[in-house]
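Spelled out, the chains give:
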Amino acid sequence: MKLKQSAIALALSAMTVPGIVLAGTTGALATPDRHAVTISDQSRPAAPTVDAKGPGVFPHSADYDPDSRKFVTGSLAHSTISSVDQKGKVRTLVDDKDLVSVQAVRVDSRRNRILAGNVDYGTADRSAPATKFKVAGVAGYDADSGRRLWYADLNKVANDDKQHLVSDVTIAPDGTAYAVDELSPTIFRIDRAGRASVLLRDDLLAGDLKIPDFLDNVGMSAVAWMPGNLLIVAKADGSLVRVPVAHPEQAAKVRLSKNLKALTAGIRALPDGSIAAISSGLLSGKAAVVQRVRPGRHWKFATVSVTDTVADPVSSAVTAGPRGTTYALSGGLAALLAGKPNDGFTLRPVNVR
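What you see is a predicted model, and the numbers here were worked out from it, not measured in a lab.

S.K.: Looking at this structure, how should I read the overall build of the chain?
M.R.: Along the chain, the regular secondary structure elements total 3 helices and 29 strands. Put simply, the chain has 353 residues, and 60% of those count as buried. Looking at the chain alone, contacts between residues at least 24 apart form 53% of all its contacts between residues at least 6 apart. Carbon and sulfur atoms make up 49% of the accessible area of the chain, which amounts to about 14400 Å² in all.

Structure, rendered in structure tokens:
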């Protein structure tokens, strides 16, 4: 899909994507802009940037596999799941003909499996006009062989004939997965065998954020399971919602000291029970913003602080890395939406302190 003379296309003209230098930019460096909180070089993690050589992969999310010591990414373009070592070598793990576009990926190292969200933006090799925003599923794969274990068709579970986009997946300690839908106010529950059901459908989860000439009514963008058996859901507009898994009808907005920057693109649960979040500058063209969210009692309220920035505006995910680090993913989404190629993607260590 090529976006011509639209607001988003104009914003993309000022951005850098891996392998493509667009007008007025330099390479994607994790340095703050003049409007952001300044983070000293000494406070940055002592970890290498991973420049991955994966032409046309266009990953939207990444997760870290502590067993293989590699990152795992999906592909918005080629419908594949790949591993990425710390030298940037990309190897295909899964090439499932039933996947259209892989948005969310999650490593379940406790059970040696990978979960992946299946979507269709209309931009992938296997996209079709009839399936654009009509594909919604989560698949489970053996992490070693890439063999598919099961596929949960969430479009069939929703049974509402509406547009769907599975934006993110999280996994509870018991192996239950939860998936959030960016285009409908629905959270799905998927058991370890791949049986899916609706956990919650509530207008509280709906969104009204608009990405010109691409998506309307963008709602939930990310989810994390947290101790206390809570789901913390990030919405693209910068708000958070807490959902008690045992009583989802008690879902409520988290009272924040200030909203996260929009577009909120990805979150990561940190070991101390707080959350790291990354907000994309897809619409503004400004640096992506890394934030830390520290919760109050039972996540009823939380404090938000900016901890870092990434010069590539379209950084779409934040993930664990080796030795306790946190990495931001810049996957080339700007190039994909503008109909341009790329020659790889970048995982860059960021500060979340």
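S.K.: Looking at this structure, how should I read the environment of Phe301?
M.R.: Among the structural elements, Phe301 can be located in strand 26 (residues 301-310). Residues Phe301 and Arg242, 59 residues apart in the sequence, show an inter-C-alpha distance of 9.6 Å. Setting aside residues up to four positions removed in sequence, Phe301 forms contacts with Val254, Arg255, Pro295 and Gly296.

S.K.: Please clarify how the sheet that holds strand 14 (residues 186-190) should be interpreted in this entry.
M.R.: Picture the strands of a sheet paired through backbone hydrogen bonds; they go either parallel or antiparallel. In spatial order, the strands read 12-13-14-15; together these 4 strands make up an open sheet with antiparallel pairing. Both outer strands of the open sheet, strand 12 (166-171) and strand 15 (196-201), are each paired with one neighbouring strand and no more. When the angles between neighbouring strand axes are averaged without regard to direction, this sheet yields 25°. Sheet topology places strand 14 next to strand 15; 5 bridges connect them, and they run antiparallel.

S.K.: Looking at this structure, how should I read the nonpolar core?
M.R.: Within soluble globular proteins, side chains that are nonpolar tend to cluster in buried spots. Judged by nonpolar contacts, the single largest core of 37 residues is most densely connected at Val138, Leu154 and Leu215. A per-element tally of this core places helix 3 (residues 333-337) first, with 5 residues. When residues no more than four places from it in sequence are discounted, the contact partners of Leu154 are Ala136, Gly137, Val138, Val166, Ala179, Phe188, Ile190 and Ala196. Judged by nonpolar contacts, the second largest core, of 17 residues, contains Ala222, Ile232, Leu260 and Trp299.

S.K.: What is the right way to read the sheet that holds strand 28 (residues 326-330) from this model?
M.R.: Reading across from one edge, 3-29-28-27 is the order of the 4 strands in this open sheet, with antiparallel pairing throughout. Pairing within the sheet leaves two strands with one partner each, and these edge strands are strand 3 (50-52) and strand 27 (315-320). If you compare each strand with its neighbour and ignore which way they point, the axes differ by 20° on average. Here 3 bridges tie strand 3 to strand 29 (residues 345-350), and the two strands are oriented antiparallel to one another. The partner of Asp51 across the bridge, within strand 29, is Thr346.

S.K.: What is the right way to read the pairing of strand 24 (residues 275-279) from this model?
M.R.: Successive side chains on a regular strand alternate, one facing one side of the sheet and the next facing the other. Counting buried residues in strand 24 gives 5 out of 5 residues, a clear majority hidden from the surface. With burial as the criterion, each face of strand 24 is covered, one bearing Ile275, Ala277 and Ser279 and the other bearing Ala276 and Ile278. Two elements, strand 23 (residues 264-269) and strand 24, share 5 bridges in a ladder whose sense is antiparallel. Bridging from a neighbouring strand, Ile267 pairs with Ala277 of strand 24. Here strand 23 folds back onto strand 24 in antiparallel fashion, the turn holding 5 residues, of which Gly273 has a positive phi close to 90°. In this sheet, strand 25 (residues 288-295) lies alongside strand 24 in antiparallel orientation, the contact comprising 5 bridges. By the bridge assignment, Ser279 is partnered in strand 25 with Val289.

S.K.: Before we go on, may I ask you to explain the pattern of salt bridges in this structure?
M.R.: Pairing is possible between side chains that carry opposite charge, provided their charged atoms lie close to one another. Across all of its chains, the model carries 11 salt bridges by this definition. Arg148 serves as the salt-bridge partner of Asp96, at 3.0 Å between the closest nitrogen and oxygen. Taken as a pair, Asp96 in the loop between strand 7 (90-95) and strand 8 (101-108) and Arg148 in strand 11 (residues 148-153) lie far apart in primary sequence, 52 residues in all. Look at Asp96 and you get buried, because its relative accessible area is 9%. Among the residues examined, Arg148 registers a relative accessible area of 34% and is labelled partly exposed. In this structure, Asp108 and Arg111 form a salt bridge, with 3.1 Å as the shortest nitrogen-oxygen distance. Relative accessible area serves as the criterion here: at 5%, Asp108 is assigned to the buried category.

S.K.: How should the side chain of Ser280 be read in this particular structure?
M.R.: Tracing the backbone through its elements, the reader meets Ser280 in the loop between strand 24 and strand 25. A polar contact is formed between the side chain of Ser280 and the backbone nitrogen of Leu282, at a distance of 3.1 Å. Polar side-chain contacts of Ser280 include one of 3.3 Å to the backbone oxygen of Pro313. Ignoring sequence-local partners within four residues, the contact set of Ser280 consists of Ala262, Leu263, Ala265, Pro313, Val314 and Ser315.

S.K.: Even after reading the chapter, I still don't get the pairing of strand 11, so can you show me in this structure?
M.R.: Bridge count for strand 10 (residues 137-142) against strand 11 is 5 bridges, and the pairing is antiparallel. Note on strand 11: the bridge partner recorded for Tyr141 is Arg148. Connecting the antiparallel pair strand 10 and strand 11 is a turn made up of 5 residues, with Gly146 showing a positive phi of about 80°.

S.K.: Teacher, can you tell me more about the packing of aromatic side chains here?
M.R.: Aromatic rings in a pair are described by how distant their centres are and how their planes are angled relative to each other. Summed over the entire model, instances satisfying the criterion amount to 4 aromatic pairs. Pairing Tyr121 with Phe214 gives two aromatic rings, centres 5.5 Å apart and planes at 10°, and the pair type is stacked. With Tyr121 in the loop between strand 9 (113-119) and strand 10 and Phe214 in the loop between strand 16 (209-211) and strand 17 (215-218), the pair connects residues that are 93 residues apart, well separated along the chain. Look at Tyr121 and you get buried, because its relative accessible area is 7%. In this structure an aromatic cluster arises from ring pairing among Tyr64, Phe71 and Tyr327.

Reading guide: rules and limits
Here the residue numbers are simple positions, counted from 1 along each chain's written sequence. Local features in a predicted model are, by the rule used here, given only for residues with pLDDT of at least 70; side-chain atom pairs are given and counted only at 80 or more, and totals for whole chains, interfaces and linings are based on all residues. Note that the side-chain values use all heavy atoms of the structure and ignore hydrogens as well as water. Helix and strand definitions here come from DSSP, where helices need a minimum of 4 consecutive H or I residues and strands a minimum of 2 consecutive E residues; each element is numbered from the N-terminal end. With a 1.4 Å probe rolled over the protein chains alone, any residue whose accessible area is under 20% of its type maximum counts as buried; one over 50% counts as exposed, and the rest are partly exposed. The contact rule is simple, with two residues in contact once any of their heavy atoms fall within 4.5 Å. Using a 1.4 Å probe, accessible areas were evaluated by the Shrake-Rupley method; residue-level cover was limited to the displayed protein chains. Paired strands are those between which DSSP finds at least two bridges. All axes are obtained by fitting lines to C-alpha atoms, using only the stretch in contact for helices, and the reported angles, taken between N-to-C directions, cover 0 to 180 degrees. Throughout, nonpolar core names a set of buried Ala, Val, Leu, Ile, Met, Phe, Trp, Tyr and Cys residues whose side chains join them through atoms within 4.5 Å. Should a side-chain nitrogen of Lys or Arg be within 4 Å of a carboxyl oxygen of Asp or Glu, the pair is scored as a salt bridge. Nitrogen and oxygen atoms within 3.5 Å of one another constitute a polar contact, given that in protein one can donate a hydrogen and the other can accept it, and given that sequence-neighbouring residues count only through two side-chain atoms. The pairing test for Phe, Tyr and Trp rings, Trp by its six-membered ring, is centres within 6.5 Å, and the orientation test on the planes gives stacked under 30 degrees, edge-to-face over 60, and tilted for anything in between.

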